[in-house]
Amino acid sequence: MSEPSTAPGTLQDEELQSLATEWRMRAMQGDQLAHRMARALEAEQRRRIRDSGLQILVPEATRATAPWWKFW
C-alpha cells in the first residue's frame, strides 16, 4: 500500500477518499499509525464538506416585523 507523501489539505477529493478508506482498513487491523492517519484524512474530509456547505448558504434577510410574542 502506498504511503501519502503530501499533506491531506493538498490532495484531490477522490484521492483523499481513497487514502482515507485505505488507512481506515489498515487501522481496523490494529495498526496504531494507520489509526492516526485515517483520523487525519477523515478530519480533512469533514472540513471540506463543512466548508462547501457553508459557502452555498445565503444569509437571511432581517425582518422588521413585530415579534412573535407580546410584552404585557
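Preceding this section is the structure that the text describes.
Residues numbered from 1 in each chain as written. Predicted model: local features only at pLDDT ≥ 70, side-chain atom pairs only at ≥ 80, totals over all residues. Heavy atoms only, no water.

## What about a nonpolar patch on the surface?
Then step 1. Together, Trp 68, Trp 69 and Phe 71 make up an exposed nonpolar region whose accessible area comes to about 540 Å².
Then step 2. Among the secondary structure elements, Trp 69 is positioned in the segment after α2 (32-55). (Patch = residues over 30% accessible without salt bridge, like charges linked within 9 Å, V, L, I, M, F, W, Y side chains within 5 Å. Areas by Shrake-Rupley, 256 points an atom, 1.4 Å probe, with all protein chains shown as cover. Salt bridge = Lys/Arg side-chain N within 4 Å of Asp/Glu carboxyl O. Helix = DSSP H or I, 4+ residues; strand = E, 2+ residues; numbered from the N terminus.)

## Examining the nonpolar core
Side chains that are nonpolar tend, in soluble globular proteins, to be buried together.
Then step 1. Judged by nonpolar contacts, Leu 11, Leu 16, Leu 19, Ala 20, Trp 23, Ala 27, Ala 34, Ala 38 and Leu 41 together constitute the single largest core of nine residues.
Then step 2. Elements represented by at least two residues in this core include exactly α1 (13-28) and α2.
Then step 3. Ranked by residue count, the leading element in this core is α1, at five residues.
Then step 4. Setting aside its immediate chain neighbours within four residues, Ala 27 contacts Ala 34 and His 35. (Core = buried A, V, L, I, M, F, W, Y, C linked by side-chain atoms within 4.5 Å. Buried < 20%, exposed > 50% of the residue type's maximum accessible area, 1.4 Å probe, protein only. Contact = heavy atoms within 4.5 Å.)

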